[in-house]
Structure formats: C-alpha cells, structure tokens
Amino acid sequence: MKTILPIFAFILCLSNLIYAQTTAIPDPNFEQKLISLGIDSDNTVNGQILNSDAAGVTHLNVNYSTISDLTGITAFVNLDTLNCGNNQLTSLDLSSNTALTELDCSNNQLPSLNLNSNLALTRLLCSSNLLLSLDLSSNIALDFLDCNSNQLTSLDLSSNTALSLIGCSYNQLTSLNLTTCTSLAALYCEYNQLASLDLSSCPLLTALYCSHNQLAFLDLSSNSILTELGCSYNQLASLDLSSCFSLTALYCSLNQLSSLDLSNTILIFLDCEYNQ
C-alpha cells in the first residue's frame, strides 16, 4: 500500500502537468483546420492543442473554414499574422496575441473588436462585420486600415499618424477627422453621410474616392500629387482642380457642376455626366 500511494500521486501529478500543457479548442472546424495545416501534432479532433504546437506558429491562415469559435487562439502567443476572414465568428479574443502585426477578420459577424493589447498592429482588415464602433487609439503603428461595410457612425484616427491607406466606405460616418493623418496616400470613404472633408493635412494623397456622400465643397489645394479622384453623387456646385497637376482620372458625375476647368491636369479619363 505504501508503494501504490506514491505511484498514484506521481501519475496524478503527471496527468495534471500534461493537462496544463494544452489549450482547449472547442470548435471542431478550427481544430480540423489546424490539423490540415500540420499544426495540431496529435492529428486528432479531441478539443485541445499542445501549447508547444501553438507557440511555434507565427503565420496562421484559417480563411473560409466555417469556424464559429476561435477559442484557443490565445495559445498562439508568437502569432505575427492572422487571417480568420470569411468565417462565422461573433467574438474574437486577441488579448494574448501581443506580437500580432497583421489581422484579417473580414466577412464575419463581429459586433465589436478589442485591439487594445495589439500595439504592434500595422495592417487591419475588418470589413463586412457588424461593428458599431472601432477603438484604434492603442494601435499607433497602424499603416493600413480596411473597415469598409460595417455600421460605424464615427471613426477616431487621431492616434494613427502612420496611416497610408484608409478604407471606410459603406458605413454611416457623418464626419472624418484626418488632421493627424499626414502620411495618408489613399482614402476610400464612399457611401457615407459626410457633409465635409478636410484634406489640408494630407499632402501625400494620391487617390481619393468620396462618392455617394453629401459633400457641397471639396478643397484640393493641398493635394498637388493627387492622381485619382472619385467624387460622384455629391452636391458639388464647383470643383477647383488648379492645384491637381498630377490628376489622370476624374469621376465627378451626378453633382451640380456648371463648369469644369481641367487645364492644369493631365487627365486621361474623365466621367462628368449628369451635371449642369
């Protein structure tokens, strides 16, 4: 009996140790994808993954995998790039993925997205979700943002001075403050409710698409290297292009323009239908 007890205690401790070295993966579709990628080394859908397997992954693509629960992603502590787009996610906990620099969670059903722990994030694609708000105040390294097709009514980019591309079309934005976005090269803000757009702090802008808004005025005097401009379906009564020396493509149909001076541009494509 004295011999059996120490052996039993040893086995119990060993089983606890093994259990502590795994993380639960409750979604079988997620685990099956990890197996097919050669990440889950036991090759069995058993609701768990070895922490050592997860820690060895820096790039993970589970796009189009019918995943509804990404629980267990917290074990991927060295993850640099995550593509979990085109799934059925309603929540996403990335608080343990502090090394993450690129995230694509587009085409899911996310009502919110907490990125406060992801300070290294440079690329974010979260389009086609159900986001009502998006807090990017901690993501000061962010260079690329695609949050198209959500339900955003506001977007605070005051901390994101490194942004070079912003895609925020198909939302419900009534204003967009770009005063700190001095590195911005491309802006896509179509299909919103913008009544004004201040681009004076964006001298590096080369592409601007702001069609289907409520713009009555558009000041482009600071945007001398702009090459593409789409501002159709607004309320523009005038459009001053005298500073747009590099402009090659202009889409300005369905406004209230009575004249259009193109003498300073180098246009190769023009669409100005349905004006006055």
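Student: Help me understand the overall build of the chain, please; the structure alone is not making it clear to me.
Tutor: A tally of regular secondary structure across the chain gives three helices and 13 strands. Computed over the C-alpha atoms, the radius of gyration of the chain is 25 Å, more than 25% above the 19 Å expected from 2.2 N^0.38 for a compact globule of 276 residues. With the C-alpha coordinates aligned to their principal axes, the bounding extent of the chain is approximately 100 × 30 × 30 Å. Among the 276 residues that make up the chain, the fraction classed as buried is 42%. Taking all contacts inside the chain whose residues are at least 6 apart in sequence as the whole, residues at least 24 apart take part in 11%. Carbon and sulfur atoms make up 55% of the accessible area of the chain, which amounts to about 13000 Å² in all.

Student: What should I look at first to understand the sheet that holds strand β7 (residues 144–146) in this one?
Tutor: The strands that make up a sheet are held in pairs by hydrogen bonds between backbone atoms, and each pair lies either parallel or antiparallel. The strand order across the open sheet formed by eleven strands is β3-β4-β5-β6-β7-β8-β9-β10-β11-β12-β13, and the pairing between neighbours is parallel. Looking along the sheet, the strands with just one partner apiece sit at the ends: β3 (59–61) and β13 (269–271). With strand direction ignored, the average angle separating the axes of adjacent strands in the sheet is 5 degrees. Bridge count for strand β12 (residues 249–251) against β13 is three bridges, and the pairing is parallel.

Student: Explain a negative patch on the surface here, please?
Tutor: A contiguous patch of negative charge on the surface is contributed by Asp-198, Asp-219, Asp-240 and Asp-261. Within the secondary structure layout, Asp-219 lies in the loop between β10 (207–209) and β11 (228–230).

Student: What is the right way to look at the nonpolar core in this model?
Tutor: When a protein is soluble and globular, its nonpolar side chains tend to lie buried together. Ranked by size, the top nonpolar core spans 69 residues in total, and within it Leu-197 and Leu-218 carry the most contacts. Excluding its chain neighbours within four sequence positions, the residues that come into contact with Leu-218 are Leu-197, Leu-199, Leu-208, Cys-210, Leu-229, Cys-231, Leu-236 and Leu-239.

Student: Explain unusual backbone geometry here, please?
Tutor: Peptide bonds are mostly trans, and most non-glycine residues show a negative phi. Backbone geometry at Asn-107 places phi at a positive 55 degrees, although glycine is not the residue there. Within the fold, Asn-107 resides in the loop between β5 (102–104) and β6 (123–125). Judged by its relative accessible area of 36%, Asn-107 falls in the partly exposed class. Phi is positive for His-212, close to 60 degrees, though the residue is something other than glycine. By the secondary structure assignment, His-212 is in the loop between β10 and β11.

Student: What should I look at first to understand the confidence of the model for the chain in this one?
Tutor: Note that predicted coordinates carrying low pLDDT should not be read in detail. Of all residues in the chain, 93% have pLDDT values of 70 or greater, and the mean over the chain is 94. Overall, residues 7–19 carries pLDDT values under 50, and its contacts beyond four positions in sequence, including any with other chains, amount to zero contacts.

Student: Just checking my understanding: could you explain the state of the cysteines for this structure?
Tutor: Note: disulfide means a covalent bond formed between the sulfur atoms of two cysteine side chains. Under the defined criterion, the tally for this structure stands at zero disulfides. Of all cysteine sulfurs, the one in Cys-181 lies closest to Cys-202, which takes part in no disulfide; the gap is 6.2 Å. When its relative accessible area of 0% is taken as the criterion, Cys-202 is described as buried.

Student: Just to check I follow, could you spell out the packing of aromatic side chains for this structure?
Tutor: Where two aromatic rings form a pair, the distance of their centres and the angle of their planes describe that pair. For the structure on display, the rule yields four aromatic pairs. Centre to centre, the rings of Tyr-170 and Tyr-191 are 4.4 Å apart; their planes meet at 10 degrees, and the pair counts as stacked. One end of the pair, Tyr-170, is in the loop between β8 (165–167) and β9 (186–188); the other, Tyr-191, is in the loop between β9 and β10, with 21 residues separating them in the sequence. The class for Tyr-170 is partly exposed, based on a relative accessible area of 44%.

Student: Would you mind going over the environment of His-59 with me for this structure?
Tutor: Tracing the sequence through the fold places His-59 in strand β3. On the basis of relative accessibility, which here comes to 56%, the residue His-59 falls in the exposed class. Linking His-59 and Leu-79, residues 20 residues apart in sequence, is a C-alpha distance of 6.0 Å. Every residue in contact with His-59, bar those within four places of it in the chain, is listed here: Leu-79, Asp-80 and Thr-81. Among the polar contacts listed, one links the side chain of His-59 to the side chain of Thr-58, at a separation of 3.0 Å.

Calculation criteria
- Residue numbers run consecutively from 1 along every chain, following the written order of its sequence.
- At least 70 in pLDDT is required for a residue's local features to be given in this predicted model, at least 80 for side-chain atom pairs to be given and counted, and no such filter applies to totals for whole chains, interfaces and linings, which use all residues.
- Side-chain measures were taken over the full set of non-hydrogen atoms in the model, leaving aside hydrogen atoms and water.
- A run of H or I in DSSP counts as a helix once it spans at least four residues, and a run of E counts as a strand once it spans at least two, with each numbered from the N terminus.
- A radius of gyration in this sense is built from C-alpha atoms; the matching globule rule multiplies 2.2 Å by the number of residues raised to 0.38.
- Here's how the labels work: a residue is buried when its accessible area is under 20% of the maximum for its type, exposed when over 50%, partly exposed in between, all with a 1.4 Å probe on protein chains only.
- Any two residues whose heavy atoms approach within 4.5 Å at even a single point are treated as in contact.
- Every accessible area reported is derived by Shrake-Rupley at a probe size of 1.4 Å, with residue values counting cover from the shown protein chains alone.
- A pair of strands is treated as paired once DSSP finds two or more bridges between them.
- Lines are fitted to the C-alpha atoms to define the axes, a helix being fitted only along its stretch in contact, and any angle between axes, read from their N-to-C directions, falls within 0 to 180 degrees.
- Like charges are joined within 9 Å and nonpolar side chains (Val, Leu, Ile, Met, Phe, Trp, Tyr) within 5 Å, but only among residues with over 30% relative accessible area and no salt bridge; these make up the patches.
- The term salt bridge refers to a pairing of a side-chain nitrogen on Lys or Arg with a carboxyl oxygen on Asp or Glu at a separation within 4 Å.
- Just so you know, the count uses Lys and Arg for positive and Asp and Glu for negative, and it drops His and the chain ends.
- A charged residue contributes its charge at one atom only: NZ of Lys, CZ of Arg, CG of Asp or CD of Glu.
- Only buried Ala, Val, Leu, Ile, Met, Phe, Trp, Tyr and Cys residues count toward a nonpolar core, and they belong to the same one when joined by side-chain atoms within 4.5 Å.
- Scored from 0 to 100, pLDDT reflects the predictor's confidence in each residue.
- Cysteine sulfur atoms are paired as a disulfide whenever they come within 2.5 Å of each other.
- Stacked, tilted and edge-to-face pairs are distinguished by plane angle, under 30 degrees for stacked and over 60 for edge-to-face with tilted covering the rest, among Phe, Tyr and Trp rings (Trp via its six-membered ring) whose centres lie within 6.5 Å.
- N or O atoms within 3.5 Å of each other form a polar contact, as long as, within protein, one can give a hydrogen and the other can take it, and as long as residues adjacent in sequence are counted only when both atoms are side-chain atoms.

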